[in-house]
Amino acid sequence: MTPEEREELLAAHALGTLSAPDAADADALIRADPTANAQFRAYREIADLIALSVPLRQADPALRERVLAAARRGRRWQPRLSSRHAPVYVLAAALAVVTIWAATLQSSLVQLKHQTASLSAVVESDAKRLDRLAGATSGVQEARMLSLQLNSALKDEQSVQRVQADPKAIATNLDQTSASHGAGGQYLSSEAVGASVLVLHDLPMLPLGGAYRVWLEDPLSQLTLAASFVPDSSMGARVALQRDTRLESVKVYVVATSRADDPAATGPVVLMAKLPKRASTP
C-alpha cells in the first residue's frame, strides 16, 4: 500500500465511509502502525470539526453526489484503491462546503443579533412611553382632585364670609364638655344664605392622622355627618355647613376622632349645642 493509498484509507475511515471489511483492515493498520494511528487521529479531529460546524438542518440529498463529482473533477490522478474507499479529496471538498456553511451561519447569527438589538430598543422605548403616559395620566387625575378640593374650599370660604356678613344671622354659643379643655365657638345660621357656619377656637390637639367631625341631629334623633376638618395651626377653624332644607337640625356636635380615613371612627364630643328653631317663612 502506497502512502497515498494509506492516507485515502485513513481519511475515508475517519469519515465513516468504509465498508465493514475495509474498516477492519483500517483498524488493524492503525493498531500496528503508530504513524497511521497519528494520521487517523488527525483526520478524526477534522471530521469532528465538520460535525460541529454543520448548521442544524438536513442537507440536500444531492449534496454528497455534487461533492464527490467536484472531488473527481479536481483530481489529477486516478485512484488505485477500489471505489469503496473515499479519497482524501472528498474530505477537502467537504471542508470547503462546511466553511461556506459556517460563514453563512455566522452571517445569519450577526443579522439575528442586530434584529434582536433593534427589537429590544423598540420594546424599551415603548415601555418608557407607557411609563410617561401612566405618569401623565396620574398627574392629570391628581390635578383634577386638587382642583375639586380647591373649588370646594373656595365655595366653603365664600359661604363663611356671606354668613358672617349677614346681619340677620343667628348665633348660638357652643357648650363645652369634659373633653373641651378650653375649646369654644359659635354656630351661625343664615336663612338668607341658606347655610350655617361653625367658628371654633382653642380646639384640643389631635393625634397624627386624626380629624374633627361635625354631626347634626334632626328631630327624629337621626345623626348626619355634615363636615370633617382639621384645625389650623392656631387650633381654630371656620367650617361651612350647607343646610338641608328637607329637615331641620336641632343639635350640633363637634367630635374628635383619631382616624380621619375611617368613616366608622368615633371619639369624644368636644363641643355641642341645642339649635334654635328655624324661622318659618311666610
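Our subject is the structure that appears above.
First, a word on scope: everything that follows refers to the structure included in this document. (Residues numbered from 1 in each chain as written. Predicted model: local features only at pLDDT ≥ 70, side-chain atom pairs only at ≥ 80, totals over all residues. Heavy atoms only, no water.)

A word on the overall build of the protein. Looking only at helices and strands, the protein has five helices and nine strands in total. In sequence order, the secondary structure elements of the protein are arranged as α-α-α-α-α-β-β-β-β-β-β-β-β-β. Sorting the 282 residues of the protein into buried and exposed places 31% on the buried side. For the protein, restricting intrachain contacts to residue pairs at least 6 apart in sequence, the fraction spanning at least 24 positions comes to 63%. By element, 57% of the accessible surface of the protein is carried by carbon and sulfur atoms, the whole surface being about 18,500 Å². (Helix = DSSP H or I, 4+ residues; strand = E, 2+ residues; numbered from the N terminus. Buried < 20%, exposed > 50% of the residue type's maximum accessible area, 1.4 Å probe, protein only. Contact = heavy atoms within 4.5 Å. Areas by Shrake-Rupley, 256 points an atom, 1.4 Å probe, with all protein chains shown as cover.)

In this section: helix α1 (residues 3-15). Along its 13 residues, α1 runs 18 Å from first to last C-alpha, staying within 8% of the 18 Å computed at 1.5 Å per residue. Buried within α1 are the following residues: Glu5, Arg6, Glu8, Leu9, Leu10, Ala11, Ala12, His13 and Ala14. Positive backbone phi, at 75°, marks glycine 16, one or two positions downstream of α1. (Expected span 1.5 Å × (residues − 1).)

Attention shifts here to the sheet that holds strand β8 (residues 251-257). Backbone-to-backbone hydrogen bonds pair the strands of a sheet. The strands run either parallel or antiparallel. Judged by pairing direction, the sheet is antiparallel, and its five strands sit side by side in the order β2-β9-β8-β5-β6 without closing on themselves. Looking at strand neighbours, the two that pair on one side only are β2 (175-176) and β6 (223-229), the edges of this open sheet. In the sheet, strand β5 (residues 211-217) pairs with β8 via seven bridges, with the strands oriented antiparallel. In the strand pairing of β8, valine 214 is matched with valine 254. (Pairing = 2+ DSSP bridges.)

Bringing the packing of aromatic side chains into the picture now. Here the structure, examined in full by the defined rule, presents one aromatic pair. For the pair tyrosine 212 and phenylalanine 229, a centre-to-centre distance of 5.6 Å together with 15° between the ring planes defines the contact as stacked. Of the two residues, tyrosine 212 is situated in strand β5 and phenylalanine 229 in strand β6; the sequence distance between them amounts to 17 residues. Note on accessibility: tyrosine 212 and phenylalanine 229 belong to one class, buried. (Phe/Tyr/Trp six-rings, centres within 6.5 Å; stacked < 30°, edge-to-face > 60°.)

This paragraph deals with the nonpolar core. Judged by nonpolar contacts, the single largest core of 22 residues is most densely connected at Leu174, Leu198, Leu200, Leu203, Phe229, Val252 and Leu271. One finds Ala14, Ile30, Ala36 and Phe40 within the second-largest nonpolar core, a separate group that totals seven residues. (Core = buried A, V, L, I, M, F, W, Y, C linked by side-chain atoms within 4.5 Å.)

On to the environment of aspartate 202. One can find aspartate 202 in the loop between β4 (195-201) and β5. A sequence separation of 35 residues divides aspartate 202 from alanine 237, and the C-alpha atoms of the two residues are 9.2 Å apart. Residues contacting aspartate 202, with those up to four places away along its chain left out, are Ser180, His181, Gly182, Ala183 and Met235. At 3.1 Å, the side chain of aspartate 202 forms a polar contact with the side chain of histidine 201. (Polar contact = N/O pair within 3.5 Å; in protein donor to acceptor, adjacent residues only side chain to side chain.)

Residue histidine 181 is not a glycine yet carries a positive backbone phi of 55°. Checked against the element boundaries, histidine 181 lands in the loop between β2 and β3 (184-190). Positive phi values are uncommon outside glycine, yet methionine 235 reaches one of about 60°. Tracing the sequence through the fold places methionine 235 in the loop between β6 and β7 (237-242). For methionine 235, a relative accessible area of 14% translates into the label buried.

Here helix α2 (residues 20-32) spans 18 Å end to end across 13 residues, near enough to the 18 Å set by a 1.5 Å rise per residue. Every buried residue belonging to α2 is among Asp22, Ala23, Ala26 and Ile30, and all of these are buried. Across the axial projection of α2, the buried residues extend over an arc of 100°, all falling on one side. Seen from the open side of α2, the exposed residues pointing more than 90 degrees away from its buried face are Ala20, Pro21, Arg31 and Ala32. (Arc of directions from axis to C-beta.)

The residue glycine 182 is located in the loop between β2 and β3 in this model. Once the C-alpha coordinates of glycine 182 and histidine 201 are considered, the two residues, 19 residues apart in sequence, prove to be 8.8 Å apart. Those residues in contact with glycine 182, other than ones at most four positions away along the chain, are Gln176, His201 and Asp202.

This next bit is on the pairing of strand β9 (residues 269-274). Of the strand pairs in this sheet, β2 and β9 are connected by two bridges, and their pairing is antiparallel. Bridging from a neighbouring strand, aspartate 175 pairs with methionine 272 of β9. Here β8 pairs with β9 via five bridges, running antiparallel. The residue bridging valine 255 from the neighbouring strand is valine 269, located in β9.

Purely geometric numbers; function is a separate question.
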